[in-house]
Amino acid sequence: MIDLLYDLLHYDFLKRALIVGLLVTLSASLLGVSLVLKRFSMIGDGLSHVGFGAISVAAALNLAPLKFSIPVIVIAAFFLLKLSRNSKINGDAAIALISSSSLAIGVFINSCSSNIKSDLNSYMFGSILSISNDDLILSIILSLIVISMFILFYNRVFLITFDESFAKATGINADFYNMLIAFLTAITTVIGMRLMGALLMSSLLIFPALTSMHICKSFKSVVILSAVVSSFCFISGLALSYSIDSPTGSTIVIINLLLFIISYFISKLSLLSKK
C-alpha cells in the first residue's frame, strides 16, 4: 500500500490525474445532486457526447482540444436546456438525437482525418496519459470556478431544485440559475472528458448523487456525502487501475456502481428494520 501511494505521488502523469480527477469528481458530485433531482441528468450525458464531437474537430484542425471544446459545449448546454424545457420535441428524444449525432460526427472525423494522431479510445473512454500540464492548469482554474459558484449560489440552487415555482414567486430568476447549472455542468464535462472519456463522464454526475440519496435525506447532507463518495471512488479507482493495469475511467465507474448497489441494500434494510 505504501509503495502504491508512493507511485501515485511520484509519477508526474499520476499526480496530474490525481489533481484533475479530484477537482472534476468534486465539481461533478456537487452539480449531480441538482441535475438528478431536477431530472436533468441526461443533459450531462448529452454534453459529454457533444464534447467528443468538439474534441474530434479540434484535433482535426490542430487546435487545443479543451479551449476549443469549452464554448462549443457551453452553447450546447444552453441549447439542450431549452430543448428539454420548451421544445415541442420530447426533451429526452431531443437530447438523444443531439448526442448520437455528435458521437457520429466525432467518429467520422476521427476515421477520415489524417491530422488526428491520438487514439480514438482516449477520447471515448479517457486516458490519464492525455492530461498535459496545460490541461492541468486550465482544469484547476475551471474547477475552482465551478466549486466557488456552486457554494456562492447554494441557497438559490437549493430553491430552484426543489420548488422552482416558489423560487420565482420570491423574485428569484429561476431561468438564470437553471442556465448557470447548465453552464457549470458544461465546464465540468469539458475538464472531465480527458480523464473519463465521452461515454463515461456522465457517470460522475449521476452515481454519487443516487448513492447518497439512498442514505441521506436532506439536500445538504446528500451534497456532502456525494462529494465524499465521488472522491473515494476516484482515488480507489485510480489506485486499482494502476495496480491491475485496467482502464481508469471504467474502473472508477465500476466502483461507483458497487457503492450504489451497497447503498441500495442499506436503504432497503433500513426500511425493513423500521417496520
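1. Here's the deal with the overall build of the chain
At step 1: When helices and strands are tallied, the chain shows 13 helices and 0 strands.
At step 2: Scored against the burial criterion, the 275 residues of the chain give a buried share of 52%.
At step 3: Long-range contacts, defined as pairs at least 24 residues apart, comprise 76% of the intrachain contacts of the chain with a sequence gap of at least 6.
At step 4: Of the roughly 13,300 Å² of accessible surface on the chain, 68% is carried by carbon and sulfur atoms.

2. Some thoughts on empty space enclosed by the protein
At step 1: Applying the stated rule across the entire model yields 1 cavity of 30 Å³ or more.
At step 2: In this structure, the largest cavity encloses a volume near 30 Å³.
At step 3: Contributing to the lining of the largest cavity are Leu35, Phe40, Ile43, Leu81, Asn178, Ile181, Ala182 and Thr185.
At step 4: Per-element accounting of the lining of the largest cavity gives the leading share, 4 residues, to helix α10 (residues 174–196).
At step 5: For the lining of the largest cavity, the per-class residue count stands at 6 nonpolar, 2 polar and no charged.

3. Brief notes about a nonpolar patch on the surface
At step 1: Residues Ile254, Leu257, Leu258, Ile261, Tyr264 and Phe265 make up a contiguous nonpolar surface patch of roughly 550 Å² in combined accessible area.
At step 2: A relative accessible area of 35% places isoleucine 261 in the partly exposed class.

4. Quick look at helix α7 (residues 133–152)
At step 1: Between its first and last C-alpha, α7 extends 29 Å over 20 residues, near the 28 Å set by a 1.5 Å rise per residue.
At step 2: Within α7 the residues assigned to the buried category are Asp135, Leu136, Leu138, Ser139, Leu142, Ser143, Val146, Ile147 and Phe150. End-on view of α7: buried residues confined to an arc of 170 degrees, all on one side of the axis. Among the exposed residues of α7, those oriented more than 90 degrees off its buried face are Asp134, Ile137, Ile151 and Leu152.

5. Notes on the packing of α7 against α10
At step 1: The contact between α7 and α10 brings their axes to 10 Å, and the two run at 150 degrees. Overall, the two elements α7 and α10 adopt an arrangement that is roughly antiparallel. Crossing hand, α7 versus α10: left-handed. Facing α7, whose interface residues are Asp135, Ser139, Leu142, Ser143, Val146, Met149 and Phe150, α10 presents Leu180, Leu184, Ile187, Thr188, Ile191 and Arg194.
At step 2: Classifying every residue of the contact of α7 with α10 gives 8 nonpolar, 3 polar and 2 charged.

6. Overview of unusual backbone geometry
At step 1: Here aspartate 245, not a glycine, exhibits a phi torsion of approximately 60 degrees, which is positive.
At step 2: Tracing the chain through its elements places aspartate 245 in the loop between α12 (219–244) and α13 (248–274).

Criteria and cut-off values
- Residues numbered from 1 in each chain as written.
- Predicted model: local features only at pLDDT ≥ 70, side-chain atom pairs only at ≥ 80, totals over all residues.
- Heavy atoms only, no water.
- Helix = DSSP H or I, 4+ residues; strand = E, 2+ residues; numbered from the N terminus.
- Buried < 20%, exposed > 50% of the residue type's maximum accessible area, 1.4 Å probe, protein only.
- Contact = heavy atoms within 4.5 Å.
- Areas by Shrake-Rupley, 256 points an atom, 1.4 Å probe, with all protein chains shown as cover.
- 1 Å grid on protein atoms, 1.4 Å probe; cavity = no way out; pocket = protein on both sides within 12 Å on 5 of 7 lines; lining within 4 Å.
- Points joined across faces, edges and corners; volume = space filled by probe spheres on them.
- Nonpolar A, V, L, I, M, F, W, Y, C, P; charged D, E, K, R; others polar.
- Patch = residues over 30% accessible without salt bridge, like charges linked within 9 Å, V, L, I, M, F, W, Y side chains within 5 Å.
- Salt bridge = Lys/Arg side-chain N within 4 Å of Asp/Glu carboxyl O.
- Expected span 1.5 Å × (residues − 1).
- Arc of directions from axis to C-beta.
- Axes fitted to C-alpha atoms, helices over the stretch in contact; angles between N-to-C directions.
- Parallel < 35°, antiparallel > 145°, perpendicular 65-115°, else oblique.
- Left-handed = near helix turned anticlockwise from the far one by under 90°.

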